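Working through the structure, step by step
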Number of protein chains: 2
Amino acid sequence: MMEIEIKARVKNRDEVKERIKSIGNFVRKEHQEDLYFDSPYRNFVESGEVLRIRKTLHKNTLTYKKKRTDERARIRIEHEAKVESGDDIAEILEDLGFIQIAKIRKEREIYNTNECKIELDMVEGLGEFVEVEILIPEDEDITKSKEKIFEILEKIGVPRENIEKKPYLELYLDKKRWIGEKKR
Amino acid sequence: MMEIEIKARVKNRDEVKERIKSIGNFVRKEHQEDLYFDSPYRNFVESGEVLRIRKTLHKNTLTYKKKRTDERARIRIEHEAKVESGDDIAEILEDLGFIQIAKIRKEREIYNTNECKIELDMVEGLGEFVEVEILIPEDEDITKSKEKIFEILEKIGVPRENIEKKPYLELYLDKKRWIGEKKR
């Protein structure tokens, strides 16, 4: 399956939340701590690959995502593995030469509708966002699914100009770079 | 902690097993399937590093071992992580460019004594072996521990000339190469 996901900045959280509740069901809230790694043999930020350990209260996962780009939507092929301890896996990745480049913490509220998954995020240091995600078979045309996501965003009160193409990792690294430059 | 381990070929399994039972307690028997991986950026067989997924009935683990060589004993620093599914982790390792180079199956009987751990192995295609293992602090001198292991091997009826310095992976790859050459 392929994950089509569009993210947008949220400036009116209370309103957006009310609107999400009117079209979807609340699933759960979770605190996520994401550790991102770069590889010793290829620049994953440049290649768009993602290697991530996600730590939550009840589950820890190792995820690899391979990027396929498309204007304004992120389409990925993704493999995930549950692990007992995120820290043990981090240790082995570091043994192998992988470098931890970011630790991103967020509070995520997850909602489901018949068509999609909606995630309302407060990301430490980066602000508030909403992500709308649809899963489709790998050979399916994505234009329709993207149009559907745009419609959903409109329904929940998020204008198209709020769409944020950059993944959290990139926003995080941009900010770190910007702070680094300011300090100089 | 550092693991000091000496392995030897067993030609008289029944006798060795009786002798092990007279000095140690049986812990459990398990079927292990070990998947070994090489890396895309360094030859792990040459560097002596080990990246292994071990699948057993009740537990799956990802292990990385960094080699430190010493005559006749293998001394390693080891990190291990429990994972839910060995196959999910294998998939991610392959996504990352790691190459599965061996699948080794064995029946292992594990025994404990006050001083050490003893493992009696039947390895598919490679034969019967015993491994004696001691854990010591990383700064401790290893000569004494090695001497202790030699004594234990003697006690359980395994002569010093049966010591096999090569790890299973190397024996497996040697055999594969040998069969490959025979076929040519």
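About the criteria used
Residues numbered from 1 in each chain as written. Chains lettered and ligands numbered in written order. Predicted model: local features only at pLDDT ≥ 70, side-chain atom pairs only at ≥ 80, totals over all residues. Heavy atoms only, no water. Helix = DSSP H or I, 4+ residues; strand = E, 2+ residues; numbered from the N terminus. Rg over C-alpha atoms; globule rule 2.2 N^0.38 Å. Buried < 20%, exposed > 50% of the residue type's maximum accessible area, 1.4 Å probe, protein only. Contact = heavy atoms within 4.5 Å. Buried area = accessible area lost by both parts, 1.4 Å probe. Salt bridge = Lys/Arg side-chain N within 4 Å of Asp/Glu carboxyl O. Polar contact = N/O pair within 3.5 Å; in protein donor to acceptor, adjacent residues only side chain to side chain. Nonpolar A, V, L, I, M, F, W, Y, C, P; charged D, E, K, R; others polar. Expected span 1.5 Å × (residues − 1). Least-squares fit on C-alpha atoms with pLDDT ≥ 70 in both. 1 Å grid on protein atoms, 1.4 Å probe; cavity = no way out; pocket = protein on both sides within 12 Å on 5 of 7 lines; lining within 4 Å. Points joined across faces, edges and corners; volume = space filled by probe spheres on them. Arc of directions from axis to C-beta. Phe/Tyr/Trp six-rings, centres within 6.5 Å; stacked < 30°, edge-to-face > 60°. Lys NZ or Arg CZ within 6 Å of the ring centre and 35° of its normal. Patch = residues over 30% accessible without salt bridge, like charges linked within 9 Å, V, L, I, M, F, W, Y side chains within 5 Å. Areas by Shrake-Rupley, 256 points an atom, 1.4 Å probe, with all protein chains shown as cover. Lys, Arg positive; Asp, Glu negative; His and termini not counted. Charge placed at Lys NZ, Arg CZ, Asp CG, Glu CD. pLDDT = per-residue confidence, 0-100.

Observations regarding the overall build of chain A
For chain A, the count of helices and strands is 5 helices and 8 strands. Listed N to C, the secondary structure of chain A is β-α-β-α-β-β-β-α-β-β-β-α-α in terms of helices and strands. Relative to a compact globule of 184 residues, whose C-alpha radius of gyration would be 16 Å, chain A shows 17 Å and is just as compact. C-alpha atoms of chain A, sized along the principal axes, occupy 45 × 45 × 35 Å. The 184 residues of chain A split such that 49% are buried.

Notes on the interface of chain A and chain B
At the junction of the two partners, chain A supplies 21 residues and chain B supplies 20 residues. Interface area, chain A with chain B, both sides summed: about 1900 Å², of which 67% is carbon and sulfur. On the chain A side of the contact with chain B, A:Tyr41, A:Ile92 and A:Leu96 bury the most area, a combined 30% of that side's loss. At the junction of chain A with chain B, the criterion picks out 2 salt bridges. Residue B:Glu84 is joined to A:Lys82 by a salt bridge in which the shortest nitrogen-to-oxygen separation is 3.7 Å. The interface formed by chain A and chain B holds 6 residue pairs in polar contact (both at pLDDT 80 or more) in total. Per-class residue counts for the side of chain A that touches chain B are 12 nonpolar, 3 polar and 6 charged.

Focus on helix 5 (residues 168–183) of chain B
Under the 1.5 Å per step criterion, the end-to-end length of helix 5 of chain B is 22 Å for 16 residues, consistent within 8% with the ideal 22 Å. Of the surrounding elements, those touching the buried residues of helix 5 of chain B are strand 1 (2–9), strand 2 (25–38), helix 2 (44–47), strand 6 (99–112), strand 7 (117–123) and strand 8 (127–136) of chain B.

Describing the pattern of salt bridges
Under the defined criterion, the tally for this structure stands at 42 salt bridges over all chains. Connected through shared salt-bridge partners, A:Glu33, A:Lys55, A:Asp87, A:Arg105 and A:Glu124 make up one network.

A short note on the relation of the copies chain A and chain B
For the pair chain A and chain B, the superposition axis carries a translation of 0.0 Å, the fit reaches an RMSD of 0.0 Å, and the rotation angle comes to 180°. Those values place the two copies in the arrangement expected of a two-fold rotation axis. Residue A:Val83 of chain A places its C-alpha closer to the rotation axis than any other residue of that unit, at 2.1 Å. Most of the interface of chain A is mirrored in chain B, where 95% of its interface residues are also at the interface.

Looking at empty space enclosed by the protein
Counted by the stated rule, this structure contains 1 cavity of 30 Å³ or more. Considering only enclosed or pocket space, the largest cavity measures out at about 70 Å³ in volume. As for the largest cavity, its lining consists of A:Leu62, A:Ile89, A:Ile92, A:Leu93, A:Leu96, B:Leu62, B:Ile89, B:Ile92, B:Leu93 and B:Leu96. Counted by class, the lining of the largest cavity contains 10 nonpolar, no polar and no charged residues.

Thoughts on helix 3 (residues 86–95) of chain A
All names here are of chain A. Looking only at helix 3, the buried set comprises Gly86, Ile89, Ala90, Ile92 and Leu93. All buried residues of helix 3 fall inside an arc of 165° around its axis, so they share one side. N-cap assignment for helix 3: the residue whose side-chain oxygen lies 3.2 Å from the backbone N of Asp87 is Ser85. Downstream of helix 3 by a residue or two, Gly97 has a phi angle that is positive, lying close to 100°.

A few points about the packing of aromatic side chains
Applying the stated criterion across every chain, the model contains 10 aromatic pairs over all chains. Judged by centre distance (6.4 Å) and plane angle (85°), the rings of A:Tyr41 and A:Phe44 are edge-to-face. Take A:Tyr41: its relative accessible area is 23%, and that puts it in the partly exposed class. Taking the relative accessible area as the measure of exposure, A:Phe44 reaches 2% and is therefore buried. Here the aromatic rings of A:Tyr41 and B:Tyr41 are separated by 5.3 Å at their centres, their planes lie at 10°, and the arrangement is stacked. A residue pair is termed interchain when its members come from two chains, as with A:Tyr41 in the loop between strand 2 (25–38) and helix 2 (44–47) and B:Tyr41 in the loop between strand 2 and helix 2. One aromatic cluster is present, formed by A:Tyr41, A:Phe44, A:Phe98, B:Tyr41, B:Phe44 and B:Phe98 through successive ring pairs. If you follow A:Arg160 out to its NZ or CZ, it ends over the ring of A:Phe150, 4.1 Å from the centre.

With respect to a negative patch on the surface
Together, A:Glu138, A:Asp139, A:Glu140 and A:Asp141 line one region of the surface with negative charge. Owing to a relative accessible area of 75%, A:Asp139 belongs among the exposed residues under this scheme.

Observations concerning the confidence of the model for chain A
If pLDDT is low for a region, its predicted coordinates should not be looked at in detail. All names here are of chain A. In the predicted model, chain A carries a mean pLDDT of 91, and the fraction of residues at 70 or more is 94%. Here strand 5 (residues 73–83) is the element of chain A with the lowest mean pLDDT, 79, and strand 7 (residues 117–123) is the one with the highest, 98. Confidence metrics for the complex model read pTM 0.84 and ipTM 0.81.

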